[in-house]
Amino acid sequence: MTLHQKPNTLQTDSFWMPFTANRQFKKAPRLFASAEGMHYTTVDGRKVIDGSAGLWCVNAGHGRRQIATAVERQLMNLDFAPSFNMGHPLAFDFAERLAEIAPKGLDRIFFTNSGSESVDTALKIALAYQRAIGQGTRTRLIGRERGYHGVGFGGMSVGGMVANRRAFATHLPGVDHIRHTHDLGRNAFAKDIPEHGAELADDLERMVALHGADTIAAVIVEPVPGSTAVLPPPKGYLKRLREIADKHGILLIFDEVITGFGRLGTPFAADYFGVTPDMMTTAKGITNGTVPCGAVFASRKIHDGLMNGPEGTIELFHGYTYSAHPTACAAGLATLDIYKDEGLLTRGASLAEYWRDALHSLKGLPNVVDIRNIGLMGAVEVAPRKDGVGARGYDVMVDCFNRGLYLRMSGDSFAMSPPLIVEKSHIDDIVSILGDAIKRVA
Ligand SMILES: Cc1ncc(COP(=O)(O)O)c(CNc2cccc(C(=O)O)c2)c1O
């Protein structure tokens, strides 16, 4: 029985939906009509807890009037202005505000419109920087298995989620991957940071041995892989990766599109782990998911390394029509005000333990093979059915939705990242609905 039926008036043929089983979805579409705080309301009037902050992006919760007002005001005042060879003050203000909360030294901001664009921007900056400092032989980019870095050709190539690559034959040349760190054998049901696996960072040494350091420009990792269903890094892993990258002149890029802006109870994952990358890619929470926007945070070393040649020359032939869009800047500034006024960049730290214990209370339910958590991220993994990976996951996700909980799934794992305004009562509801669904679905 599905509680959501396609409204008679809705024509669904023309919209080709992203990352969706279109034919299955359009038979019984799940449609949100509105949102406020922690909840969506469906087109048939049901309230649904947002267990995943939309797509890991509505960190301050839904319906923030402050952002809406800022956007309306901006549109009526300056709807669009170029940032190519022209500018508008808001872009500079927004960059300064982001630099204030950035991990130490990452205070040069390049605006984009999405996480994918941030990733491709960071990869291009890495290549341009190495060339600018006379290391032009460093043309190789290293990603990681199970990594997700968006859908541009760059992000797809360094990414390691096989389904996201398979249909697109042309990947960037020279890309290689280090191993992922998920270890069901040694780390199943680990709370926060797994004990085992730091030695996997040594894969970067193997890349150097195989390819030569002088061919490698950068390595990019999500500090906590999100899309592949939340894989907290083993203790010491990121520190070791930083040390190896430094040893060989390889730039380290943290893809913080999900972990940025308070997700771990710190402004960024770099703060949580005490490891500072050379660049950081962000999007999602930067405008609370309201207006598309992304940003690459680069170190002075990288920025200044490209500020050379005659002053009249363009230092980086890269950028987007909508880079630093006035509306995105207005939404972003209002969002940063909310994060600051309500302490949302660190609020997650005070709830992380409660969240952890609530998630791990599901251990022992039928088919549950792993539970992972860090900050206000978490995932519950169930064993796949014999009829294929993801079938059980899909049935649990639909059951949750029918009973008032929206969450993301990746294969047979349920990924959760509630808005950072979440209260303990919401956490209880999320875990209760998910637990009941896991018990109900064979
Ligand atoms: C780490 C990371 N890097 C880049 C991107 C791409 O961002 P854009 O989509 O804005 O181009 C992402 C996006 N991550 C993402 C996007 C949509 C759904 C899910 C999911 O896990 O359900 C995850 C991401 O998580």
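Worth saying up front: this structure is predicted, and the values here are computed from it rather than measured.

K.L.:
Describe the site of the ligand, naming the residues involved and giving the relevant values.
P.N.:
The ligand sits among 15 residues. The nearest are Gly115, Ser116, Ser227, Asp255 and Arg408. Take Trp56: an N or O atom from its side chain is 3.0 Å from an oxygen atom of the ligand. Between the ligand and the protein, one listed contact pairs an oxygen atom with a side-chain N or O atom of Arg408 at 2.4 Å. For the ligand, the accessible surface in isolation is 540 Å², of which the surrounding protein chains cover 85%. Here the shell around the ligand is built from residues that sort into 5 nonpolar, 6 polar and 4 charged. Counting contributing residues, the shell around the ligand receives three or more from each of domain 1 (7-60 + 344-441) and domain 2 (68-341).

K.L.:
Which residues make up the environment of Glu342, and what are the values?
P.N.:
With respect to the secondary-structure elements, Glu342 resides in the loop between α13 (326-341) and α14 (344-360). In this structure the C-alpha to C-alpha distance between Glu342 and Ile421, which are 79 residues apart in sequence, comes to 8.9 Å. Ignoring anything within four residues of it in the chain, the contact list for Glu342 reads Arg64 and Ile421.

K.L.:
Residue-level account of the sheet that holds strand β6 (residues 176-178), with values.
P.N.:
Taken together, 7 strands build an open sheet; the order of strands is β4-β10-β9-β8-β7-β5-β6 and the sheet is mixed. Of all the strands in the sheet, just β4 (108-112) and β6 have a single pairing partner and so form its edges. Strand-to-strand, the axes of this sheet are offset by a mean angle of 25 degrees, without reference to chain direction. Bridge analysis of strand β7 (residues 216-221) against strand β8 (residues 251-255) gives 4 bridges, and the strand direction is parallel. Residue pairing in the sheet places Ile220 in a bridge with Ile253 of β8. The sheet strands contacting helix α9 (residues 203-211) are β5 (140-144), β6 and β7, and the helix crosses β6 at an angle near 150 degrees.

Parameters at a glance
- Residues numbered from 1 in each chain as written.
- Predicted model: local features only at pLDDT ≥ 70, side-chain atom pairs only at ≥ 80, totals over all residues.
- Heavy atoms only, no water.
- Near = heavy atom within 4 Å.
- Polar contact = N/O pair within 3.5 Å; in protein donor to acceptor, adjacent residues only side chain to side chain.
- Areas by Shrake-Rupley, 256 points an atom, 1.4 Å probe, with all protein chains shown as cover.
- Nonpolar A, V, L, I, M, F, W, Y, C, P; charged D, E, K, R; others polar.
- Domains from an automatic or database assignment.
- Helix = DSSP H or I, 4+ residues; strand = E, 2+ residues; numbered from the N terminus.
- Contact = heavy atoms within 4.5 Å.
- Pairing = 2+ DSSP bridges.
- Axes fitted to C-alpha atoms, helices over the stretch in contact; angles between N-to-C directions.

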